[in-house]
Amino acid sequence: MDCNRALLQISSIGAGVFMSICLTGTVATAAAKDQDTAATVVADQVRSQGFRCKNPTSAERIEAESAPNQTVYLLKCEGMTYRVLLIPDQAAEVAKVD
């Protein structure tokens, strides 16, 4: 009986470790997908306001400059980088970063 209980505990621990590894991979994939989505959305907004943004590679949220309902991103496009302030129902504030 004790041998079966020990085997069950080992199996449970192994299953837990396996699930943790699987979930970590899923979260990393979701984070990468969210990053691609953010770059696409912010780039679309910048383009709609007349700025060039070819092949957006990333849009990193700048937490220190963001506030409720005012999100700041550093948008990297091919050959250009922009600081973009998004405010709901308003045009974005876009500034080219050297």
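### What to know about unusual backbone geometry
Inference 1: In this model, Asn69 sits at a positive phi of 65°, which is unusual for a non-glycine residue.
Inference 2: Structurally, Asn69 is set in the loop between strand S1 (58-61) and strand S2 (71-77).
Inference 3: Using a relative accessible area of 59% as the deciding quantity, one classes Asn69 as exposed.
Inference 4: The phi angle at Asp89 is positive, at roughly 60°, despite the residue not being glycine.

### A word on the packing of aromatic side chains
Inference 1: Under the counting rule described, the total for this entry stands at one aromatic pair.
Inference 2: For the ring pair Phe51 and Tyr82, a centre distance of 5.7 Å and an interplane angle of 70° mean the geometry is edge-to-face. Residue Phe51 is found in the loop between helix H1 (2-48) and S1, and its partner Tyr82 is found in strand S3 (residues 80-86); the two are separated by 31 residues along the sequence.

Conventions used here
- Residues numbered from 1 in each chain as written.
- Predicted model: local features only at pLDDT ≥ 70, side-chain atom pairs only at ≥ 80, totals over all residues.
- Heavy atoms only, no water.
- Helix = DSSP H or I, 4+ residues; strand = E, 2+ residues; numbered from the N terminus.
- Buried < 20%, exposed > 50% of the residue type's maximum accessible area, 1.4 Å probe, protein only.
- Phe/Tyr/Trp six-rings, centres within 6.5 Å; stacked < 30°, edge-to-face > 60°.

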